[in-house]
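# Descriptive structure summary
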Amino acid sequence: MTPTELWNLIQSDPQAKAYADAGNDRDCATRCSEIAPAIRQPVPADRVQEVASLNGAWGTIKIAATNSALTDPPRGACIAFVDWIESARPINFDNPAVQQMAGIMVSYSLLTAGQVAELSALADSPQVITAEQVGAARQEVVSHGVT
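Rules used in this analysis
Residues numbered from 1 in each chain as written. Predicted model: local features only at pLDDT ≥ 70, side-chain atom pairs only at ≥ 80, totals over all residues. Heavy atoms only, no water. 1 Å grid on protein atoms, 1.4 Å probe; cavity = no way out; pocket = protein on both sides within 12 Å on 5 of 7 lines; lining within 4 Å. Points joined across faces, edges and corners; volume = space filled by probe spheres on them. Nonpolar A, V, L, I, M, F, W, Y, C, P; charged D, E, K, R; others polar. Salt bridge = Lys/Arg side-chain N within 4 Å of Asp/Glu carboxyl O. Helix = DSSP H or I, 4+ residues; strand = E, 2+ residues; numbered from the N terminus. Buried < 20%, exposed > 50% of the residue type's maximum accessible area, 1.4 Å probe, protein only. Axes fitted to C-alpha atoms, helices over the stretch in contact; angles between N-to-C directions. Left-handed = near helix turned anticlockwise from the far one by under 90°. Contact = heavy atoms within 4.5 Å.

### Side note on empty space enclosed by the protein
Overall, the coordinates contain one cavity of 30 Å³ or more when judged by the stated rule. Its boundaries defined by the atoms lining it, the largest cavity holds a volume of some 70 Å³. Together, Ile 61, Phe 81, Phe 93, Val 98, Met 101, Ala 102, Met 105, Leu 111, Val 116 and Leu 119 line the largest cavity. Here the residues of the lining of the largest cavity are counted per class, giving 10 nonpolar, no polar and no charged.

Dropping the structure here:
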C-alpha cells in the first residue's frame with residue numbers, strides 16, 4: 001500500500017482518522033491493519049488439500065477424477081485440480097483457469113459455492129500496517145500536499 005493509499009484509508013475511517021489526528025500512529029496502524037483490504041496470494045497446495053479434505057471437496061473431486069465413466073466436463077476439471085494439488089504447486093484462486101475449473105465443478109454439483117468460497121478465502125492475506133507507515137503517509141501528505 002502506498003503512503004497516499006494508506007492516507008486515503010485513514011481518512012475513510014472515523015476511528016483511524018481520530019487516531020491519526022491525535023498523532024497516535026500505533027493505534028492508527030492497528031486500526032488500519034483491521035480495515036485494510038486483504039492481499040490475494042497463491043495458496044500452498046497442501047493447505048488447499050487440507051481445507052478441501054475437511055470441507056468434503058477433496059474426496060468428491062478425487063472420486064470424480066478417477067471415475068472413467070464420468071463425462072468431460074466435469075472429469076477433466078477434476079483431473080486438472082487433483083494433478084495441480086498432487087504436484088504441490090501453489091494455487092492462484094484469482095487465475096481465470098482456476099476459477100473456470102471451480103465453476104465447472106459447481107455447475108455439475110461436485111462442489112458447492114460455499115466450498116469454493118472457503119477455498120478461495122485461503123488466498124486472503126491480511127495487510128499489516130505499521131506505525132512507521134502511518135508516519136510516512138502523514139509526512140507524504142505534509143510534504144507533497146497529497147489528499
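Resuming the write-up.
### Structural notes on the pattern of salt bridges
Here the structure, examined in full by the defined rule, presents nine salt bridges. The partner of Arg 138 in a salt bridge is Asp 25, with the nearest N and O atoms 2.7 Å apart. Here Asp 25 lies in helix H3 (residues 25-35) and Arg 138 lies in helix H9 (residues 131-144), a separation of 113 residues in the sequence. The class for Asp 25 is buried, based on a relative accessible area of 18%. Salt-bridge contacts for Arg 47 lead to Glu 50; the nearest nitrogen and oxygen are separated by 3.0 Å. Linking Arg 47 with Glu 50, this pair stays in helix H4 (residues 45-54), spanning three residues, or about one helical turn. Taking the relative accessible area as the measure of exposure, Arg 47 reaches 36% and is therefore partly exposed. For Glu 50, a relative accessible area of 40% gives the class partly exposed. Three or more residues joined by partner-sharing salt bridges are found here, namely Asp 13, Arg 31 and Glu 34.

### Details of the packing of helix H5 (residues 57-66) against helix H6 (residues 75-86)
Orientation of H5 relative to H6, taken along the N-to-C sense of each, is 115°, at an axis distance of 8 Å. The way H5 lies across H6 gives a crossing that is left-handed. For the pair H5 and H6, contact is made by Trp 58, Ile 61, Lys 62, Ala 64, Ala 65 and Thr 66 and by Arg 75, Cys 78, Ile 79, Phe 81, Val 82, Ile 85 and Glu 86, respectively. A class-by-class count of the residues in the contact of H5 with H6 yields nine nonpolar, one polar and three charged.

### Looking at the environment of Gln 127
Mapped onto the fold, Gln 127 is located in the loop between strand S2 (124-125) and H9. Between the alpha carbons of Gln 127 and Ile 35 there is a distance of 8.9 Å; along the sequence they are 92 residues apart. In contact with Gln 127, not counting residues within four places along its chain, are Met 1, Ser 33, Ala 36, Pro 37 and Ile 39.

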